[in-house]
Amino acid sequence: MKSSADDGYNDNFSRGFIFGYGVPFTHTGFKASYSFNTRISAALLLTNGCDAVTRLNGGVTVGGQLAAVTSKNTTLTFNFLHGPEQPHNAHDQRGLYELVGVWKVIPRLSLAFDALYADEDHAASDGSDAIWKGLAGYSKYNFTKQFSMAFRGEVFADSGGSRTGTSQTLRGFTLTPEYVLPANLSRVKSELKRLDGKFITRGEFRRDLSDRATFRNGSGFVTHQFTTAVNLIYLF
């Protein structure tokens, strides 16, 4: 339920602060994974760096994941990354640690959380060490097979301004109603059976706040913003 790059697996239309500012989008390198049993699995990463296709410096970023199915209805996943992330600087290190939990309370209701802590040597805007951390909570309730409602509440602290450009604490609240309509195109023509799927329509209402005036409003900046959106997806 945490923010995903793939709309089809993202319960909200927009992405959260942790996804946008806290963790890398891509990795280029080597990954090995191993399942110890049906409940526990692990992965090891050796990469060029966060969002880096080529080597940033003479170092390597090491990452890992440990995932556990803790019960029939709960899972926990721990992720970490550690390595030099500044161009031509293999000395200063970044450490990133993330814990994600999912709980299927009842068939209709799912809850989840995403907690992040990260720091990096001499990466703050004033040259000091940077720290960023975030916590997000997610819920989704299916009122019917077609209609559901998702909510995300989150806080993200960027001490040093290395992630957002300003030392600030962000808070966000996002409500996303969703309606799913089956699309059986094979009823129109049998050759279209492989395109049978579903239309997903989402609305979104999002409120973001900061303790600094960082949201653009006309020619100036304010401490809050409200956005709405409509998201259309066809899955087959």
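Located above this text is the structure these notes cover.
Definitions and limits used
- Residues numbered from 1 in each chain as written.
- Predicted model: local features only at pLDDT ≥ 70, side-chain atom pairs only at ≥ 80, totals over all residues.
- Heavy atoms only, no water.
- Pairing = 2+ DSSP bridges.
- Helix = DSSP H or I, 4+ residues; strand = E, 2+ residues; numbered from the N terminus.
- Contact = heavy atoms within 4.5 Å.
- Core = buried A, V, L, I, M, F, W, Y, C linked by side-chain atoms within 4.5 Å.
- Buried < 20%, exposed > 50% of the residue type's maximum accessible area, 1.4 Å probe, protein only.

Moving on, we get to the pairing of strand β4 (residues 74–83). For strand β3 (residues 61–69) and β4, the ladder comprises eight bridges, and the chain directions are antiparallel. Each residue of the ladder has a partner; that of L66, found in β4, is F78. Between β3 and β4, which pair antiparallel in sequence order, lie four residues. Pairing of β4 with strand β5 (residues 94–106), which is carried by ten bridges, proceeds in the antiparallel orientation. Each residue of the ladder has a partner; that of T74, found in β5, is W103.

This part is about the environment of Q225. Following the sequence through the fold, Q225 ends up in strand β13 (residues 224–235). Spatially, the C-alpha atoms of Q225 and G172 are 9.7 Å apart, while their sequence positions differ by 53 residues. Discounting residues that sit within four places of it in the chain, Q225 has contacts with R206, R207, D208 and F215.

I18, L96, L116, W132 and F156 are the most contacted members of the largest nonpolar core, which has 18 residues in total. Elements that contribute at least two residues to this core include exactly α1 (17–22), β6 (109–120) and β7 (130–142). Setting aside anything within four residues of it in sequence, one finds L96 in contact with G22, V23, P24, N79, F80, L81, L116, Y117 and A118.

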